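# Working through the structure, step by step
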2 protein chains.
Amino acid sequence: VTAVTLINGRAERQIDCADRGFQYGDGVFTTMAVRDGRPVFLSLHLERLRNDCHRLRIPFPGESVLSAEAQQLCRMETSGVLKIQITRGPGDRGYRPMEQADPTRVLSIRPAPVSPTSRSEKGVSARLCRHRLGRNPALAGIKHMNRLEQILARSEWHSELVHEGLMMDGEGALIEGTMSNVFVVLGDRLVTPELAQCGVAGVMRSVVLAIAREDGIPADVRAMGCDELEQAQEVFLTNSLIRIWPVVSLEGRTWPVGPMARYLSRRIEARILSEFESHP
Amino acid sequence: VTAVTLINGRAERQIDCADRGFQYGDGVFTTMAVRDGRPVFLSLHLERLRNDCHRLRIPFPGESVLSAEAQQLCRMETSGVLKIQITRGPGDRGYRPMEQADPTRVLSIRPAPVSPTSRSEKGVSARLCRHRLGRNPALAGIKHMNRLEQILARSEWHSELVHEGLMMDGEGALIEGTMSNVFVVLGDRLVTPELAQCGVAGVMRSVVLAIAREDGIPADVRAMGCDELEQAQEVFLTNSLIRIWPVVSLEGRTWPVGPMARYLSRRIEARILSEFESHP
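Read on for a plain summary of the structure. (Residues numbered from 1 in each chain as written. Chains lettered and ligands numbered in written order. Predicted model: local features only at pLDDT ≥ 70, side-chain atom pairs only at ≥ 80, totals over all residues. Heavy atoms only, no water.)

### Describing the environment of Asp26 of chain A
Along the polypeptide, Asp26 of chain A turns up in the loop between α1 (20-24) and β4 (27-35). Expressed as a C-alpha distance, the spacing of Asp26 of chain A and Gly89 of chain A, which sit 63 residues apart in the sequence, is 8.5 Å. Not counting the four nearest positions on each side in its chain, Asp26 of chain A is found in contact with Arg20, Gly21, Ile58, Thr87 and Arg88 of chain A together with Leu148 and Ile151 of chain B. Side-chain polar atoms of Asp26 of chain A contact the side chain of Arg88 of chain A, separated by 2.6 Å. (Helix = DSSP H or I, 4+ residues; strand = E, 2+ residues; numbered from the N terminus. Contact = heavy atoms within 4.5 Å. Polar contact = N/O pair within 3.5 Å; in protein donor to acceptor, adjacent residues only side chain to side chain.)

Right, here's the structure in full:
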(Lines give C-alpha, C1' and ligand atoms only; values in the text may rest on other atoms or scores of the structure.)
Protein backbone atom coordinates (compact mmCIF):
# COMPACT_ATOMS: atom_id res chain seq x y z
CA VAL A 1 0.00 0.00 0.00
CA THR A 2 1.66 3.20 -1.16
CA ALA A 3 0.65 6.65 -0.06
CA VAL A 4 0.38 9.58 -2.45
CA THR A 5 2.34 12.46 -0.99
CA LEU A 6 2.65 16.20 -1.50
CA ILE A 7 5.65 17.95 0.06
CA ASN A 8 5.23 21.72 0.03
CA GLY A 9 2.73 21.23 -2.76
CA ARG A 10 4.93 19.04 -4.98
CA ALA A 11 4.30 15.38 -5.69
CA GLU A 12 7.36 13.95 -3.91
CA ARG A 13 8.09 11.37 -1.24
CA GLN A 14 11.54 12.49 -0.16
CA ILE A 15 12.42 14.95 2.54
CA ASP A 16 15.69 16.80 3.15
CA CYS A 17 17.41 14.92 5.96
CA ALA A 18 18.38 18.30 7.47
CA ASP A 19 14.68 18.93 8.11
CA ARG A 20 14.15 19.38 11.82
CA GLY A 21 11.24 16.99 11.60
CA PHE A 22 13.78 14.25 10.86
CA GLN A 23 16.54 15.59 13.10
CA TYR A 24 14.48 16.13 16.27
CA GLY A 25 10.83 15.28 15.65
CA ASP A 26 10.35 19.06 15.60
CA GLY A 27 6.85 19.19 14.13
CA VAL A 28 3.17 18.38 14.56
CA PHE A 29 0.64 16.26 12.70
CA THR A 30 -2.97 15.25 12.39
CA THR A 31 -4.74 12.31 10.74
CA MET A 32 -8.27 12.29 9.40
CA ALA A 33 -10.70 10.06 7.55
CA VAL A 34 -11.50 10.72 3.89
CA ARG A 35 -14.99 9.81 2.71
CA ASP A 36 -16.66 10.44 -0.62
CA GLY A 37 -13.59 12.39 -1.65
CA ARG A 38 -13.80 14.70 1.36
CA PRO A 39 -11.68 15.01 4.51
CA VAL A 40 -13.93 14.54 7.54
CA PHE A 41 -13.87 17.42 10.06
CA LEU A 42 -11.17 19.14 8.03
CA SER A 43 -11.73 22.51 9.66
CA LEU A 44 -11.28 21.03 13.15
CA HIS A 45 -8.08 19.31 12.06
CA LEU A 46 -6.71 22.53 10.58
CA GLU A 47 -7.63 24.38 13.77
CA ARG A 48 -5.70 21.84 15.86
CA LEU A 49 -2.69 22.13 13.56
CA ARG A 50 -2.83 25.92 13.90
CA ASN A 51 -3.01 25.67 17.70
CA ASP A 52 -0.24 23.08 17.94
CA CYS A 53 2.05 25.07 15.62
CA HIS A 54 1.38 28.15 17.71
CA ARG A 55 2.38 26.39 20.92
CA LEU A 56 5.67 25.21 19.40
CA ARG A 57 6.15 28.56 17.60
CA ILE A 58 6.26 26.89 14.21
CA PRO A 59 4.91 29.30 11.55
CA PHE A 60 1.51 27.96 10.43
CA PRO A 61 1.28 27.59 6.63
CA GLY A 62 -2.37 28.70 6.66
CA GLU A 63 -5.72 26.98 6.31
CA SER A 64 -6.17 27.85 2.64
CA VAL A 65 -3.00 26.18 1.30
CA LEU A 66 -3.49 23.09 3.49
CA SER A 67 -7.15 22.83 2.54
CA ALA A 68 -6.38 23.15 -1.18
CA GLU A 69 -3.67 20.48 -1.01
CA ALA A 70 -5.88 18.18 1.08
CA GLN A 71 -8.63 18.44 -1.51
CA GLN A 72 -6.18 17.83 -4.32
CA LEU A 73 -5.19 14.53 -2.69
CA CYS A 74 -8.80 13.57 -1.98
CA ARG A 75 -9.55 13.67 -5.69
CA MET A 76 -6.98 10.89 -6.14
CA GLU A 77 -8.16 8.69 -3.28
CA THR A 78 -11.80 9.23 -2.38
CA SER A 79 -11.86 6.92 0.60
CA GLY A 80 -8.90 6.65 2.91
CA VAL A 81 -6.70 8.25 5.49
CA LEU A 82 -5.15 11.70 5.13
CA LYS A 83 -2.21 12.75 7.27
CA ILE A 84 -0.83 16.29 7.47
CA GLN A 85 2.57 16.94 9.04
CA ILE A 86 4.04 20.39 9.59
CA THR A 87 7.67 20.65 10.66
CA ARG A 88 9.89 23.61 11.49
CA GLY A 89 11.67 22.94 8.20
CA PRO A 90 15.36 22.61 7.34
CA GLY A 91 17.72 23.86 10.03
CA ASP A 92 21.32 24.19 11.04
CA ARG A 93 22.95 22.05 13.68
CA GLY A 94 21.69 22.59 17.22
CA TYR A 95 18.38 22.60 19.06
CA ARG A 96 17.85 26.34 18.86
CA PRO A 97 14.98 27.15 16.49
CA MET A 98 15.77 29.48 13.61
CA GLU A 99 14.47 33.04 13.96
CA GLN A 100 12.84 32.74 10.55
CA ALA A 101 11.68 29.18 10.08
CA ASP A 102 10.55 27.96 6.68
CA PRO A 103 8.14 25.18 7.68
CA THR A 104 7.72 21.98 5.69
CA ARG A 105 4.25 20.60 5.02
CA VAL A 106 3.77 16.94 4.13
CA LEU A 107 0.33 15.70 3.16
CA SER A 108 -0.16 12.05 2.35
CA ILE A 109 -3.19 9.96 1.58
CA ARG A 110 -3.57 6.22 1.55
CA PRO A 111 -6.52 3.91 0.92
CA ALA A 112 -8.76 3.12 3.86
CA PRO A 113 -7.47 0.15 5.87
CA VAL A 114 -9.55 -3.02 5.58
CA SER A 115 -12.22 -1.73 7.87
CA PRO A 116 -13.14 -3.87 10.86
CA THR A 117 -16.47 -2.09 11.47
CA SER A 118 -17.20 -4.98 13.79
CA ARG A 119 -14.94 -3.24 16.28
CA SER A 120 -17.32 -0.29 16.49
CA GLU A 121 -20.31 -2.59 16.77
CA LYS A 122 -19.00 -5.50 18.83
CA GLY A 123 -16.40 -3.61 20.83
CA VAL A 124 -12.70 -4.16 21.43
CA SER A 125 -10.32 -5.62 23.97
CA ALA A 126 -7.89 -3.29 25.65
CA ARG A 127 -5.00 -3.70 28.06
CA LEU A 128 -3.23 -1.48 30.55
CA CYS A 129 0.30 -0.62 29.40
CA ARG A 130 3.33 -0.81 31.67
CA HIS A 131 5.03 2.13 29.96
CA ARG A 132 4.08 5.44 31.53
CA LEU A 133 3.79 8.85 29.91
CA GLY A 134 6.24 11.48 31.17
CA ARG A 135 4.65 14.64 32.51
CA ASN A 136 5.45 17.78 30.54
CA PRO A 137 2.86 20.58 30.62
CA ALA A 138 4.56 22.48 27.79
CA LEU A 139 3.96 19.56 25.40
CA ALA A 140 0.70 18.21 26.88
CA GLY A 141 -2.21 18.08 24.45
CA ILE A 142 -0.06 18.67 21.35
CA LYS A 143 -0.01 16.02 18.62
CA HIS A 144 3.69 16.45 18.02
CA MET A 145 6.14 14.23 16.21
CA ASN A 146 7.93 12.95 19.35
CA ARG A 147 6.18 9.61 19.66
CA LEU A 148 8.65 7.20 21.23
CA GLU A 149 6.48 6.81 24.33
CA GLN A 150 3.60 5.54 22.21
CA ILE A 151 5.94 3.28 20.26
CA LEU A 152 7.26 1.71 23.46
CA ALA A 153 3.73 1.21 24.77
CA ARG A 154 2.50 -0.25 21.47
CA SER A 155 5.46 -2.67 21.53
CA GLU A 156 4.19 -4.31 24.71
CA TRP A 157 1.75 -6.67 23.01
CA HIS A 158 1.59 -8.65 19.78
CA SER A 159 -1.77 -10.38 19.94
CA GLU A 160 -4.20 -9.29 17.25
CA LEU A 161 -6.93 -9.93 19.80
CA VAL A 162 -5.91 -6.89 21.84
CA HIS A 163 -6.80 -3.70 20.01
CA GLU A 164 -5.51 -0.90 22.17
CA GLY A 165 -3.47 -0.19 25.29
CA LEU A 166 -4.36 2.39 27.92
CA MET A 167 -1.60 4.52 29.37
CA MET A 168 -1.03 6.16 32.73
CA ASP A 169 1.36 8.97 33.52
CA GLY A 170 4.28 8.61 35.93
CA GLU A 171 2.00 9.36 38.89
CA GLY A 172 -0.51 6.66 37.94
CA ALA A 173 -3.20 8.95 36.52
CA LEU A 174 -5.16 7.53 33.58
CA ILE A 175 -4.40 9.57 30.44
CA GLU A 176 -5.25 7.96 27.08
CA GLY A 177 -4.74 5.04 24.71
CA THR A 178 -1.61 4.69 22.61
CA MET A 179 -3.53 6.05 19.59
CA SER A 180 -6.85 7.12 21.09
CA ASN A 181 -8.51 9.09 23.86
CA VAL A 182 -10.54 7.35 26.52
CA PHE A 183 -13.98 8.13 27.97
CA VAL A 184 -15.90 6.42 30.73
CA VAL A 185 -19.51 6.59 31.83
CA LEU A 186 -19.90 6.95 35.61
CA GLY A 187 -23.52 7.20 36.71
CA ASP A 188 -25.14 9.72 34.40
CA ARG A 189 -21.84 11.47 33.62
CA LEU A 190 -19.35 11.20 30.81
CA VAL A 191 -15.75 11.54 32.06
CA THR A 192 -12.46 11.87 30.17
CA PRO A 193 -8.99 12.57 31.58
CA GLU A 194 -7.70 16.13 31.58
CA LEU A 195 -4.53 16.46 29.52
CA ALA A 196 -2.71 19.15 31.46
CA GLN A 197 0.44 17.08 32.08
CA CYS A 198 0.62 14.79 29.05
CA GLY A 199 -1.48 13.17 26.35
CA VAL A 200 -2.86 14.21 22.97
CA ALA A 201 -6.07 16.24 22.74
CA GLY A 202 -7.74 14.39 19.87
CA VAL A 203 -10.13 15.95 17.40
CA MET A 204 -12.72 13.19 17.96
CA ARG A 205 -12.43 13.77 21.72
CA SER A 206 -13.39 17.41 21.14
CA VAL A 207 -16.29 16.34 18.88
CA VAL A 208 -17.63 14.01 21.58
CA LEU A 209 -17.36 16.77 24.18
CA ALA A 210 -19.16 19.20 21.84
CA ILE A 211 -21.99 16.71 21.28
CA ALA A 212 -22.30 16.17 25.03
CA ARG A 213 -22.56 19.93 25.55
CA GLU A 214 -25.21 20.33 22.85
CA ASP A 215 -27.24 17.34 23.99
CA GLY A 216 -27.14 18.16 27.69
CA ILE A 217 -25.05 15.15 28.70
CA PRO A 218 -23.10 16.12 31.83
CA ALA A 219 -19.39 15.73 31.00
CA ASP A 220 -16.31 16.14 33.15
CA VAL A 221 -12.75 16.69 31.99
CA ARG A 222 -10.66 15.97 35.08
CA ALA A 223 -7.85 13.99 36.63
CA MET A 224 -8.76 10.28 36.65
CA GLY A 225 -7.46 7.23 38.41
CA CYS A 226 -7.36 3.75 36.90
CA ASP A 227 -9.71 2.54 39.63
CA GLU A 228 -12.46 4.51 37.90
CA LEU A 229 -12.26 2.09 34.98
CA GLU A 230 -13.43 -0.64 37.37
CA GLN A 231 -16.45 1.38 38.45
CA ALA A 232 -17.43 2.52 34.96
CA GLN A 233 -20.69 1.42 33.32
CA GLU A 234 -19.03 1.98 29.94
CA VAL A 235 -15.53 2.58 28.64
CA PHE A 236 -14.91 3.69 25.07
CA LEU A 237 -12.06 4.96 22.91
CA THR A 238 -12.07 7.73 20.32
CA ASN A 239 -9.98 8.88 17.41
CA SER A 240 -10.65 10.35 14.01
CA LEU A 241 -10.40 7.04 12.17
CA ILE A 242 -12.09 4.64 14.56
CA ARG A 243 -14.54 7.29 15.80
CA ILE A 244 -15.79 5.23 18.77
CA TRP A 245 -14.66 1.81 19.91
CA PRO A 246 -16.57 0.50 22.91
CA VAL A 247 -14.25 -1.42 25.23
CA VAL A 248 -15.82 -4.80 26.09
CA SER A 249 -12.78 -6.31 27.79
CA LEU A 250 -9.99 -4.79 29.86
CA GLU A 251 -7.63 -6.74 32.12
CA GLY A 252 -10.26 -9.28 33.10
CA ARG A 253 -13.17 -6.87 33.45
CA THR A 254 -15.89 -7.11 30.77
CA TRP A 255 -18.76 -4.90 29.63
CA PRO A 256 -21.48 -5.19 27.00
CA VAL A 257 -21.48 -2.50 24.31
CA GLY A 258 -23.24 0.36 26.10
CA PRO A 259 -25.96 2.81 25.15
CA MET A 260 -23.75 5.90 25.43
CA ALA A 261 -21.22 4.57 22.92
CA ARG A 262 -24.05 3.64 20.51
CA TYR A 263 -25.73 7.01 20.95
CA LEU A 264 -22.53 8.98 20.37
CA SER A 265 -21.66 6.90 17.30
CA ARG A 266 -24.99 7.82 15.71
CA ARG A 267 -24.56 11.47 16.65
CA ILE A 268 -21.06 11.59 15.13
CA GLU A 269 -22.37 10.09 11.89
CA ALA A 270 -25.18 12.66 11.81
CA ARG A 271 -22.70 15.46 12.40
CA ILE A 272 -20.52 14.34 9.49
CA LEU A 273 -23.52 14.15 7.15
CA SER A 274 -24.71 17.55 8.28
CA GLU A 275 -21.26 19.05 7.69
CA PHE A 276 -21.12 17.52 4.23
CA GLU A 277 -24.60 18.84 3.36
CA SER A 278 -23.97 22.35 4.62
CA HIS A 279 -20.71 22.63 2.63
CA PRO A 280 -21.42 20.61 -0.49
CA VAL B 1 27.48 25.49 5.35
CA THR B 2 26.41 22.26 3.68
CA ALA B 3 26.91 18.85 5.17
CA VAL B 4 28.08 15.87 3.13
CA THR B 5 25.70 13.01 3.78
CA LEU B 6 25.59 9.26 3.27
CA ILE B 7 22.21 7.54 3.58
CA ASN B 8 22.59 3.77 3.80
CA GLY B 9 25.99 4.21 2.18
CA ARG B 10 24.83 6.33 -0.76
CA ALA B 11 25.71 9.99 -1.27
CA GLU B 12 22.22 11.44 -0.85
CA ARG B 13 20.52 14.06 1.28
CA GLN B 14 16.90 12.96 0.94
CA ILE B 15 15.02 10.57 3.12
CA ASP B 16 11.77 8.71 2.46
CA CYS B 17 9.09 10.66 4.34
CA ALA B 18 7.59 7.31 5.42
CA ASP B 19 10.75 6.72 7.47
CA ARG B 20 9.78 6.35 11.11
CA GLY B 21 12.55 8.77 11.98
CA PHE B 22 10.52 11.45 10.22
CA GLN B 23 7.10 10.15 11.25
CA TYR B 24 7.75 9.71 14.98
CA GLY B 25 11.35 10.57 15.82
CA ASP B 26 11.81 6.78 16.05
CA GLY B 27 15.60 6.66 16.08
CA VAL B 28 18.83 7.48 17.88
CA PHE B 29 21.90 9.55 17.12
CA THR B 30 25.34 10.57 18.22
CA THR B 31 27.61 13.48 17.34
CA MET B 32 31.40 13.48 17.48
CA ALA B 33 34.36 15.68 16.68
CA VAL B 34 36.54 14.93 13.65
CA ARG B 35 40.20 15.83 13.91
CA ASP B 36 43.05 15.15 11.49
CA GLY B 37 40.59 13.16 9.39
CA ARG B 38 39.60 10.91 12.29
CA PRO B 39 36.45 10.67 14.38
CA VAL B 40 37.33 11.22 18.03
CA PHE B 41 36.29 8.40 20.41
CA LEU B 42 34.58 6.62 17.50
CA SER B 43 34.43 3.29 19.30
CA LEU B 44 32.67 4.86 22.31
CA HIS B 45 30.16 6.54 20.01
CA LEU B 46 29.46 3.28 18.19
CA GLU B 47 29.05 1.51 21.53
CA ARG B 48 26.47 4.08 22.65
CA LEU B 49 24.60 3.72 19.35
CA ARG B 50 24.56 -0.05 19.81
CA ASN B 51 23.23 0.29 23.37
CA ASP B 52 20.61 2.88 22.44
CA CYS B 53 19.41 0.81 19.46
CA HIS B 54 19.18 -2.20 21.72
CA ARG B 55 17.04 -0.36 24.25
CA LEU B 56 14.59 0.76 21.52
CA ARG B 57 14.84 -2.63 19.76
CA ILE B 58 16.08 -1.06 16.56
CA PRO B 59 18.36 -3.52 14.71
CA PHE B 60 21.92 -2.20 14.96
CA PRO B 61 23.62 -1.92 11.56
CA GLY B 62 26.96 -3.01 13.05
CA GLU B 63 30.19 -1.29 13.99
CA SER B 64 32.02 -2.23 10.80
CA VAL B 65 29.65 -0.63 8.29
CA LEU B 66 29.26 2.51 10.42
CA SER B 67 32.98 2.75 10.98
CA ALA B 68 33.73 2.37 7.26
CA GLU B 69 31.20 5.02 6.30
CA ALA B 70 32.42 7.39 9.01
CA GLN B 71 35.95 7.05 7.73
CA GLN B 72 34.81 7.60 4.15
CA LEU B 73 33.28 10.95 5.20
CA CYS B 74 36.33 11.93 7.23
CA ARG B 75 38.46 11.75 4.11
CA MET B 76 36.27 14.52 2.63
CA GLU B 77 36.26 16.78 5.67
CA THR B 78 39.27 16.28 7.91
CA SER B 79 38.16 18.65 10.66
CA GLY B 80 34.54 18.98 11.62
CA VAL B 81 31.50 17.42 13.17
CA LEU B 82 30.20 13.96 12.31
CA LYS B 83 26.65 12.95 13.16
CA ILE B 84 25.30 9.41 12.89
CA GLN B 85 21.55 8.77 13.02
CA ILE B 86 19.95 5.34 13.03
CA THR B 87 16.19 5.09 12.60
CA ARG B 88 13.82 2.14 12.58
CA GLY B 89 13.46 2.73 8.83
CA PRO B 90 10.40 3.02 6.59
CA GLY B 91 7.19 1.82 8.16
CA ASP B 92 3.48 1.49 7.69
CA ARG B 93 0.97 3.68 9.44
CA GLY B 94 0.73 3.27 13.21
CA TYR B 95 3.07 3.29 16.17
CA ARG B 96 3.60 -0.46 16.29
CA PRO B 97 7.16 -1.31 15.25
CA MET B 98 7.56 -3.70 12.35
CA GLU B 99 8.57 -7.26 13.25
CA GLN B 100 11.42 -7.02 10.75
CA ALA B 101 12.68 -3.47 10.70
CA ASP B 102 15.06 -2.32 7.98
CA PRO B 103 16.91 0.47 9.78
CA THR B 104 18.09 3.63 8.04
CA ARG B 105 21.55 5.02 8.75
CA VAL B 106 22.35 8.65 8.03
CA LEU B 107 25.90 9.89 8.45
CA SER B 108 26.70 13.52 7.81
CA ILE B 109 29.79 15.59 8.25
CA ARG B 110 30.17 19.33 8.29
CA PRO B 111 33.15 21.63 8.78
CA ALA B 112 34.07 22.51 12.36
CA PRO B 113 32.12 25.51 13.63
CA VAL B 114 34.17 28.68 14.09
CA SER B 115 35.70 27.46 17.28
CA PRO B 116 35.41 29.68 20.34
CA THR B 117 38.18 27.95 22.23
CA SER B 118 37.98 30.92 24.60
CA ARG B 119 34.92 29.21 26.05
CA SER B 120 37.01 26.28 27.23
CA GLU B 121 39.67 28.61 28.61
CA LYS B 122 37.69 31.54 29.93
CA GLY B 123 34.50 29.71 30.80
CA VAL B 124 30.87 30.24 29.88
CA SER B 125 27.68 31.76 31.24
CA ALA B 126 24.76 29.45 31.90
CA ARG B 127 21.18 29.92 32.98
CA LEU B 128 18.56 27.74 34.64
CA CYS B 129 15.76 26.83 32.21
CA ARG B 130 12.07 27.06 33.12
CA HIS B 131 11.19 24.08 30.93
CA ARG B 132 11.44 20.82 32.81
CA LEU B 133 12.31 17.37 31.53
CA GLY B 134 9.54 14.77 31.76
CA ARG B 135 10.46 11.65 33.72
CA ASN B 136 10.49 8.46 31.69
CA PRO B 137 12.83 5.67 32.83
CA ALA B 138 12.35 3.69 29.59
CA LEU B 139 13.85 6.55 27.57
CA ALA B 140 16.27 7.96 30.17
CA GLY B 141 19.90 8.04 29.08
CA ILE B 142 19.16 7.36 25.40
CA LYS B 143 20.19 9.95 22.81
CA HIS B 144 17.00 9.47 20.82
CA MET B 145 15.46 11.66 18.15
CA ASN B 146 12.58 13.01 20.30
CA ARG B 147 14.12 16.35 21.18
CA LEU B 148 11.23 18.78 21.61
CA GLU B 149 12.02 19.26 25.30
CA GLN B 150 15.51 20.49 24.45
CA ILE B 151 14.13 22.70 21.68
CA LEU B 152 11.67 24.33 24.07
CA ALA B 153 14.41 24.89 26.65
CA ARG B 154 16.83 26.28 24.07
CA SER B 155 14.10 28.68 22.91
CA GLU B 156 14.04 30.39 26.27
CA TRP B 157 16.95 32.73 25.62
CA HIS B 158 18.36 34.62 22.68
CA SER B 159 21.41 36.38 24.11
CA GLU B 160 24.70 35.25 22.59
CA LEU B 161 26.23 35.96 26.01
CA VAL B 162 24.47 32.95 27.55
CA HIS B 163 25.99 29.71 26.29
CA GLU B 164 23.95 26.96 27.84
CA GLY B 165 20.84 26.33 29.92
CA LEU B 166 20.63 23.81 32.75
CA MET B 167 17.49 21.71 33.04
CA MET B 168 15.65 20.15 35.96
CA ASP B 169 13.12 17.36 35.82
CA GLY B 170 9.50 17.77 36.88
CA GLU B 171 10.44 17.10 40.51
CA GLY B 172 13.12 19.77 40.56
CA ALA B 173 16.14 17.46 40.35
CA LEU B 174 19.11 18.81 38.39
CA ILE B 175 19.63 16.69 35.24
CA GLU B 176 21.75 18.23 32.46
CA GLY B 177 22.21 21.08 30.02
CA THR B 178 20.15 21.39 26.83
CA MET B 179 23.10 19.96 24.86
CA SER B 180 25.56 18.93 27.55
CA ASN B 181 26.00 17.04 30.79
CA VAL B 182 26.83 18.84 33.99
CA PHE B 183 29.42 18.11 36.68
CA VAL B 184 30.12 19.91 39.95
CA VAL B 185 33.01 19.77 42.37
CA LEU B 186 31.88 19.49 45.99
CA GLY B 187 34.78 19.30 48.44
CA ASP B 188 37.16 16.71 47.00
CA ARG B 189 34.42 14.93 45.04
CA LEU B 190 33.22 15.13 41.46
CA VAL B 191 29.43 14.80 41.22
CA THR B 192 27.14 14.43 38.22
CA PRO B 193 23.38 13.74 38.16
CA GLU B 194 22.19 10.18 37.75
CA LEU B 195 20.08 9.79 34.61
CA ALA B 196 17.61 7.14 35.74
CA GLN B 197 14.49 9.21 35.02
CA CYS B 198 15.52 11.43 32.12
CA GLY B 199 18.52 13.00 30.42
CA VAL B 200 21.13 11.88 27.88
CA ALA B 201 24.14 9.85 28.98
CA GLY B 202 26.80 11.65 26.95
CA VAL B 203 29.97 10.02 25.66
CA MET B 204 32.14 12.80 27.11
CA ARG B 205 30.41 12.31 30.47
CA SER B 206 31.50 8.68 30.40
CA VAL B 207 35.05 9.70 29.42
CA VAL B 208 35.25 12.10 32.39
CA LEU B 209 33.97 9.40 34.74
CA ALA B 210 36.51 6.93 33.34
CA ILE B 211 39.35 9.41 33.86
CA ALA B 212 38.18 10.04 37.43
CA ARG B 213 38.20 6.30 38.08
CA GLU B 214 41.69 5.85 36.66
CA ASP B 215 43.13 8.86 38.43
CA GLY B 216 41.59 8.13 41.82
CA ILE B 217 39.29 11.17 41.86
CA PRO B 218 36.26 10.24 44.00
CA ALA B 219 33.18 10.61 41.77
CA ASP B 220 29.48 10.23 42.56
CA VAL B 221 26.66 9.64 40.11
CA ARG B 222 23.55 10.42 42.12
CA ALA B 223 20.36 12.45 42.38
CA MET B 224 21.22 16.15 42.68
CA GLY B 225 19.33 19.24 43.72
CA CYS B 226 19.87 22.68 42.21
CA ASP B 227 20.96 23.97 45.62
CA GLU B 228 24.15 21.95 45.15
CA LEU B 229 25.13 24.31 42.33
CA GLU B 230 25.29 27.09 44.92
CA GLN B 231 27.63 25.11 47.14
CA ALA B 232 29.89 23.90 44.36
CA GLN B 233 33.51 24.95 44.08
CA GLU B 234 33.33 24.31 40.34
CA VAL B 235 30.61 23.67 37.78
CA PHE B 236 31.43 22.48 34.29
CA LEU B 237 29.66 21.16 31.21
CA THR B 238 30.67 18.33 28.90
CA ASN B 239 29.86 17.11 25.43
CA SER B 240 31.81 15.54 22.60
CA LEU B 241 32.31 18.81 20.73
CA ILE B 242 32.92 21.27 23.55
CA ARG B 243 34.69 18.68 25.71
CA ILE B 244 34.69 20.80 28.87
CA TRP B 245 33.23 24.24 29.41
CA PRO B 246 33.83 25.63 32.89
CA VAL B 247 30.79 27.60 34.06
CA VAL B 248 31.91 31.00 35.38
CA SER B 249 28.46 32.55 35.72
CA LEU B 250 25.06 31.06 36.57
CA GLU B 251 22.02 33.06 37.67
CA GLY B 252 24.07 35.64 39.56
CA ARG B 253 26.62 33.24 41.08
CA THR B 254 30.16 33.43 39.66
CA TRP B 255 33.22 31.20 39.80
CA PRO B 256 36.75 31.42 38.43
CA VAL B 257 37.81 28.68 36.01
CA GLY B 258 38.72 25.91 38.41
CA PRO B 259 41.58 23.42 38.66
CA MET B 260 39.41 20.32 38.14
CA ALA B 261 38.08 21.58 34.78
CA ARG B 262 41.61 22.45 33.66
CA TYR B 263 42.98 19.11 34.79
CA LEU B 264 40.26 17.11 33.07
CA SER B 265 40.66 19.12 29.85
CA ARG B 266 44.34 18.18 29.73
CA ARG B 267 43.56 14.55 30.51
CA ILE B 268 40.94 14.37 27.74
CA GLU B 269 43.41 15.80 25.23
CA ALA B 270 46.02 13.26 26.31
CA ARG B 271 43.49 10.46 25.96
CA ILE B 272 42.63 11.50 22.40
CA LEU B 273 46.32 11.66 21.42
CA SER B 274 46.95 8.29 22.99
CA GLU B 275 43.99 6.75 21.15
CA PHE B 276 45.23 8.20 17.85
CA GLU B 277 48.76 6.89 18.47
CA SER B 278 47.68 3.41 19.45
CA HIS B 279 45.45 3.04 16.34
CA PRO B 280 47.33 4.98 13.68
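### A short note on the interface of chain A and chain B
Frequently, the measure chosen for interface size is the accessible area that the parts lose on association. Between chain A and chain B, the contact holds 56 residues from the first and 57 residues from the second. Summed over both partners, the interface of chain A with chain B comes to about 4800 Å²; 56% of that surface belongs to carbon and sulfur atoms. The largest contributions to the chain A side of the interface with chain B come from Phe22, Tyr95 and Leu148 of chain A, which together make up 17% of the buried area. The tally of links from chain A across to chain B stands at four salt bridges. Measuring nitrogen to oxygen at the nearest pair gives 3.4 Å for the salt bridge that ties Asp16 of chain B to Arg13 of chain A. Between the two partners, chain A and chain B, sit 27 residue pairs in polar contact (both at pLDDT 80 or more). When residues of the side of chain A that touches chain B are traced back to their parent elements, those giving at least two are β1 (4-7), β3 (14-16), α1, β4, β6 (80-87), β7 (104-111) and α5 (148-154) of chain A. Broken down by element, the side of chain A that touches chain B gets its largest block of residues, six residues, from α5 of chain A. By residue class, the composition of the side of chain A that touches chain B is 20 nonpolar, 17 polar and 19 charged. (Buried area = accessible area lost by both parts, 1.4 Å probe. Salt bridge = Lys/Arg side-chain N within 4 Å of Asp/Glu carboxyl O. Nonpolar A, V, L, I, M, F, W, Y, C, P; charged D, E, K, R; others polar.)

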